[in-house]
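What the coordinates show
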Amino acid sequence: MTDNTAPPTGIFINYRRSPETRVYARLLTSSLQNSFPIHSVFRDLDKHGGIRPAEDFTQRIEAELDNAGVVLALIGNGWVDEFAKRVRESKLDIVQMEL
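Here we summarise the structure given alongside this text. As the structure is a computational prediction, the values presented were derived from the model and not from experiment.

Another point: the pairing of strand S1 (residues 10-15). Counted residue by residue, S1 has 6 buried out of 6 residues, so it is predominantly covered. Two strands pair when backbone bridges link them, and S1 and strand S3 (residues 68-74) are joined in this way by 6 bridges, in the parallel orientation. Looking across to S3, one finds that Gly10 is bridged to Ala68. Alignment of S1 against strand S2 (residues 41-42), held across 2 bridges, turns out to be parallel.

Structure (structure tokens):
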């Protein structure tokens, strides 16, 4: 029996909203959208298919992750320390959920 389900093909861009990563996330999104179908590249605040006002954020993130063949995580200075701190304190945030 063969599975006729197409493999995930989307590109999901994960980043913590900080000044140092936000600009790179925007530039990376733009560059990838010039090389791949525009709606196959997902970044939450992107004007071409990002999350709309009043849309269920968590549900949309999960759907986009299910469709992603690639997840690109952009990290900045202090990110690993902040991530470890949140894990120790059992504080799950959206970036952790995505990864």
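Another aspect to go through is the pattern of salt bridges. Two side chains that carry opposite charge are able to pair once their charged atoms sit near each other. Counting across every chain of the model gives 4 salt bridges. When the shortest N-O distance is used, the salt bridge between Arg43 and Asp46 registers 3.8 Å. Asp46 carries the same exposure label as Arg43, and that label is buried. Where Glu64 meets Arg60, a salt bridge forms, and the shortest distance between an N and an O atom there is 2.9 Å. Highlighted residues: Glu64 and Arg60, both in helix H2 (residues 57-67), separated by 4 residues, approximately one helical turn. In this pair, the class of Glu64 matches that of Arg60, namely buried. Through salt bridges with shared partners, a single ionic network connects Arg52, Glu55, Arg60 and Glu64.

Calculation criteria
- Residues numbered from 1 in each chain as written.
- Predicted model: local features only at pLDDT ≥ 70, side-chain atom pairs only at ≥ 80, totals over all residues.
- Heavy atoms only, no water.
- Buried < 20%, exposed > 50% of the residue type's maximum accessible area, 1.4 Å probe, protein only.
- Helix = DSSP H or I, 4+ residues; strand = E, 2+ residues; numbered from the N terminus.
- Pairing = 2+ DSSP bridges.
- Salt bridge = Lys/Arg side-chain N within 4 Å of Asp/Glu carboxyl O.

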